[in-house]
Amino acid sequence: MISLLVLYTLSSTAVKAEDIVDPSTAADRYRSLSNIIWSCLTTILLCTWVSLHPNVPKPVNESKLNKRQWCAHKIHAFLKDNLLPFVLSLLGPEWILMWAIRQRLVVEYMTRKRKDLTRTHGFFIIMGGFHKFTKFKISTRVPSDSLPVSSDPSMESDLEKNTIDKKDDDVYGEPDHLLGRLDVYRLLDDGKLQLPPKIEIDDKSKSDWIAKSLVLLQTLWFVTQCIARKVGHLPLAELEVVTLGYILLNLVIYVIWWDKPQKVSTPIRVFCGEFPHRNDKQRQFEQEMKKSYWMKLFSLLFGLQDDYVNLWSIEKTPTFYSGNPPNDWPIKSMPLEFVALMVTTVIGGLVGAIHFLAWSSSFPTHKMHILWRWGSTLMTAAPFPTFAYCIAGLFSESLHNVGNNFAMIIRNWVARPLFILSGILSMSLVPLAYVVGRVITLTIAFQTLSSLSSEAFQSIQWTNIFPHI
């Protein structure tokens, strides 16, 4: 998305509502261009900020930092763990949506495999909520944010290995490495961990109810006044149509992350002594990480970067980590990554359909009008090859299960080629077409700010009753 600051530069040269009507009556009957821009900007920024649920940052013992180091640490953490996802969510909210969907799919898989996990536990595990620490003072009361360990007597030897001299005041411990899904499973199965209650994990979440209330009020007002304008046969500014798309995307992201703790600042410290050797599944993950640079770049673009994350070798959960996809994913014909891409394209298609609200609006030039229609159509039509891929994959798998000769002929000569062709289109042309349509509509939305029709400045007076920013 073009920098938000450019909007005010554009608005300085645009036609104002005050230039069209008598200024004495403009306040009641008309809205200015600055009002339109302000309402769109605040709605987009608030929705995006509240919908984000970042992963847990790197654990740092802040008691050892002086004031200068503490300030530097806070600034660096804010820029990397909060501002970076926020900016990327403004530039490409669909990419953040795919990240959220991947996390939700992994969590749903986890809760079905293990009945002792809730969705909140699952999210907390894959977002880096459990971190292995070593070296703490066993004779001192364990801090409240350390993980409760099992009462099993076999743990005593592990605890003694981490005991330090009483004169040492380092009760925070030293971070060793992250505990991934399989690591937590293994410790739970060995009786070396006890999961904290869901209420304790929720207590670590820093949900800002004031911000959420502002977002709710602003979003309800914005959507209400947009509906009222269409009912009253008044045109929407193209930027308002784009804002409605952002509202839908961020609403879906927020619902998907409903059970994910928000803005957790420190992980739960796990003191479990010497960690057991890696099992076969963990070693298999390490082998899959050893791929070429271009494969890693390709995987990053499509949200597949988790295949190259070794949690034992890093200090914090990667910013966009969503959990390694399970090897025993139940739908063999559609990997988890592609399910996430499919759902993302469907939501993206709905966002494209929203842009049809400006299908018959007036544009400065006929060329802009045609480009807007083409961009809206590209975004809306993007999911169809993905649907074809899913249907062909399921059809091919069902024919394979039938097993007779006729079914195998249909599978090899019809279902399989359609599956491969639609898969190639879905992984190449579909994302490209959607991005092109997105860029076209965003660019035109900004360009038309300087030439909105007089009807676009007319306001729906009763909508001003609702509280809004």
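Conventions we followed
Residues numbered from 1 in each chain as written. Predicted model: local features only at pLDDT ≥ 70, side-chain atom pairs only at ≥ 80, totals over all residues. Heavy atoms only, no water. Helix = DSSP H or I, 4+ residues; strand = E, 2+ residues; numbered from the N terminus. Expected span 1.5 Å × (residues − 1). Buried < 20%, exposed > 50% of the residue type's maximum accessible area, 1.4 Å probe, protein only. Patch = residues over 30% accessible without salt bridge, like charges linked within 9 Å, V, L, I, M, F, W, Y side chains within 5 Å. Areas by Shrake-Rupley, 256 points an atom, 1.4 Å probe, with all protein chains shown as cover. Salt bridge = Lys/Arg side-chain N within 4 Å of Asp/Glu carboxyl O. Polar contact = N/O pair within 3.5 Å; in protein donor to acceptor, adjacent residues only side chain to side chain. Pairing = 2+ DSSP bridges. Axes fitted to C-alpha atoms, helices over the stretch in contact; angles between N-to-C directions. Parallel < 35°, antiparallel > 145°, perpendicular 65-115°, else oblique. Left-handed = near helix turned anticlockwise from the far one by under 90°. Contact = heavy atoms within 4.5 Å. Nonpolar A, V, L, I, M, F, W, Y, C, P; charged D, E, K, R; others polar. Phe/Tyr/Trp six-rings, centres within 6.5 Å; stacked < 30°, edge-to-face > 60°. 1 Å grid on protein atoms, 1.4 Å probe; cavity = no way out; pocket = protein on both sides within 12 Å on 5 of 7 lines; lining within 4 Å. Points joined across faces, edges and corners; volume = space filled by probe spheres on them. pLDDT = per-residue confidence, 0-100. Core = buried A, V, L, I, M, F, W, Y, C linked by side-chain atoms within 4.5 Å.

(A) The arrangement of helix α18 (residues 429-447) in detail. Compared with an ideal rise of 1.5 Å per residue, which puts 19 residues at 27 Å, α18 spans 27 Å between its outermost C-alpha atoms and is within 8% of the ideal. The set of residues buried in α18 consists of Val-430, Tyr-434, Gly-437, Arg-438, Ile-440, Thr-441, Leu-442, Ile-444, Ala-445 and Phe-446.

(B) View of a nonpolar patch on the surface. On the surface, a cluster of nonpolar side chains totalling about 390 Å² of accessible area is made up of Trp-38, Ile-210, Leu-214 and Ile-469. For Ile-469, the location among the structural elements is in the segment after α18.

(C) Structural context of the environment of Tyr-246. Here Tyr-246 shows up in helix α11 (residues 238-256). Spatially, the C-alpha atom of Tyr-246 lies 8.7 Å from that of Leu-90, the residues being 156 residues apart in sequence. Of note is the side chain of Tyr-246, whose polar atom sits 2.6 Å from the backbone oxygen of Leu-90.

(D) Molecular detail of the sheet that holds strand β3 (residues 268-270). The three strands are arranged β2-β1-β3 in an open sheet whose pairing can be described as mixed. The open sheet has two edge strands with one neighbour each: β2 (174-178) and β3. Here the average twist between neighbouring strands, direction ignored, is 45°. Two strands pair when backbone bridges link them, and strand β1 (residues 130-134) and β3 are joined in this way by three bridges, in the parallel orientation. Bridged to His-131 within β3 is Arg-269.

(E) Structural context of the packing of helix α3 (residues 33-51) against helix α10 (residues 209-231). Where α3 contacts α10, the axes come no closer than 9 Å and their chain directions differ by 135°. It follows from the interaxial angle that α3 and α10 lie oblique. In terms of crossing hand, the pair formed by α3 and α10 is left-handed. The segment α3 lies against α10, with Ser-39, Cys-40, Thr-42, Thr-43, Leu-46, Cys-47 and Val-50 engaging Ala-211, Lys-212, Val-215, Gln-218, Thr-219, Trp-221 and Phe-222. Considered class by class, the residues forming the contact of α3 with α10 number eight nonpolar, five polar and one charged.

(F) Spatial organisation of the packing of aromatic side chains. Summed over all chains, the structure comprises nine aromatic pairs. Ring geometry for Phe-124 and Phe-130: centres 5.3 Å apart, planes at 90°, overall edge-to-face. Residue Phe-124 is classed as buried on the basis of its relative accessible area of 0%. Look at Phe-130 and you get buried, because its relative accessible area is 1%.

(G) Structural view of the pairing of β1. Burial analysis of β1 places four of its five residues in the buried class, the great majority of the element. Bridge count between β1 and β2: four bridges; the pairing is antiparallel. Within β2, the residue paired with Lys-132 across the bridge is His-177.

(H) A look at empty space enclosed by the protein. Under the counting rule described, the total for this entry stands at six cavities of 30 Å³ or more. When its volume is computed, the second largest cavity comes out at roughly 50 Å³. Lining of the second largest cavity is provided by Pro-235, Leu-236, Ala-237, Glu-238, Ser-361, Ser-362, Leu-452, Ser-453 and Ala-456. Residue classes in the lining of the second largest cavity are distributed as five nonpolar, three polar and one charged.

(I) Looking closely at unusual backbone geometry. Although it is not a glycine, His-233 adopts a positive phi angle of roughly 60°. Following the sequence through the fold, His-233 ends up in the loop between α10 and α11. The exposed category is assigned to His-233, whose relative accessible area is 74%. Within the chain, Lys-263 stands out as a residue other than glycine whose phi angle is a positive 55°. Of note, Lys-263 is situated in the loop between α11 and β3.

(J) Local environment of the confidence of the model for the protein. Summary statistics for the protein give a mean pLDDT of 77 and a share of 75% for residues scoring 70 or more. Note on residues 1-24: pLDDT is under 50 here. Beyond four places in sequence and across chains, it has 39 contacts. In this model, residues 136-170 is a region of pLDDT below 50 whose contacts with residues beyond four sequence positions or in other chains number 66 contacts.

(K) Structural view of the nonpolar core. In terms of nonpolar packing, the biggest core is built from 93 residues, with Leu-97, Met-110, Phe-130, Trp-257 and Trp-372 touching the most fellow members. In contact with Met-110, not counting residues within four places along its chain, are Leu-117, Gly-122, Ile-125, Ile-126, Arg-181 and Tyr-185.

(L) Main features of the side chain of Gln-262. Topologically, Gln-262 is positioned in the loop between α11 and β3. A polar atom in the side chain of Gln-262 sits 3.0 Å from the backbone oxygen of Leu-52.

(M) Region of interest: the environment of Arg-104. Along the chain, Arg-104 turns up in helix α5 (residues 93-113). Linking Arg-104 and Trp-258, residues 154 residues apart in sequence, is a C-alpha distance of 9.7 Å. Ignoring anything within four residues of it in the chain, the contact list for Arg-104 reads Arg-119, Phe-123, Val-255, Ile-256 and Asp-259. A distance of 2.7 Å separates polar atoms of two side chains, one belonging to Arg-104 and the other to Glu-108.

(N) Highlighting the pattern of salt bridges. Tallied over the entire structure, the rule returns nine salt bridges. Note that Arg-114 is salt-bridged to Asp-189, the shortest N-O span being 3.1 Å. Of this pair, Arg-114 sits in the loop between α5 and α6 (119-126) while Asp-189 sits in helix α8 (residues 181-189); the two residues are 75 residues apart in sequence, bridging distant segments of the chain. A relative accessible area of 15% means that Arg-114 is categorised as buried. With its nearest N and O atoms 4.0 Å apart, the salt bridge here joins Asp-259 to Arg-119. Of the two residues, Asp-259 sits in the loop between α11 and β3 while Arg-119 sits in helix α6, which places them 140 residues apart along the sequence. Connected via shared salt-bridge partners are Arg-104, Glu-108, Arg-112, Arg-119 and Asp-259.

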